[in-house]
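Descriptive structure summary
Chain by chain, the residues run as shown.
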Amino acid sequence: MKLLNILREDFVLMVSLPRNCPELARIAVDAGAQCLKVHINCHHFASDTTFRSWKEERSVIEEIKAACGKVPLGLVTGETTQPGIPDLEEITEFGFDFW
């Protein structure tokens, strides 16, 4: 697992993206991020961003996954609302490194 491998090294710079945005992901990786985290079904208080469902966010998260290359990618699945079984099956198959 990519995340476990980098955690064995030393200090790891993990970035929680304030928006599910491929450009922000690329900027974070170019600036040294070693791990990225995206969100669905929640409100990100630091950025005042509300993240939508897996179905609504999936296409942009696919772009982020492609943009971040070998950098581990994780998912926050929500606050009160969590994905249903069909979405969880897709999320499981998506290839996240952690969630």
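The structure under discussion appears in the preceding block.
On a predicted model such as this, the values are computed, not experimentally measured, just so you know.

1. Some points on the sheet that holds strand β5 (residues 73-76)
- Overall, parallel pairing links the 3 strands, which are arranged β1-β2-β5 in an open sheet. Looking at the sheet topology across the chains shown, the edges are occupied by β1 (14-16) and β5. Each neighbouring strand pair of the sheet contributes to a mean axis angle of 25°, computed without reference to strand direction.
- Most of the contacts of helix α3 (residues 54-68) go to strand β2 (residues 35-39), to which it runs at about 175°, and overall it touches β2 and β5.

2. What to know about helix α4 (residues 85-94)
- Considered for burial, the residues of α4 that qualify are Asp87, Ile91 and Phe94. For α4, the arc enclosing every buried residue in end-on projection is 55°, short of the 170-degree limit, so these residues lie on one face. Residues of α4 that are exposed and point over 90 degrees away from its buried face: Ile85, Pro86, Thr92 and Glu93.
- Tucked into the core, α4 has its buried residues touching α3 and β5.
- Phi for Gly95, located one or two positions after α4, is positive at around 100°.

Reading the values: the criteria
Residues numbered from 1 in each chain as written. Predicted model: local features only at pLDDT ≥ 70, side-chain atom pairs only at ≥ 80, totals over all residues. Heavy atoms only, no water. Pairing = 2+ DSSP bridges. Helix = DSSP H or I, 4+ residues; strand = E, 2+ residues; numbered from the N terminus. Axes fitted to C-alpha atoms, helices over the stretch in contact; angles between N-to-C directions. Contact = heavy atoms within 4.5 Å. Buried < 20%, exposed > 50% of the residue type's maximum accessible area, 1.4 Å probe, protein only. Arc of directions from axis to C-beta.

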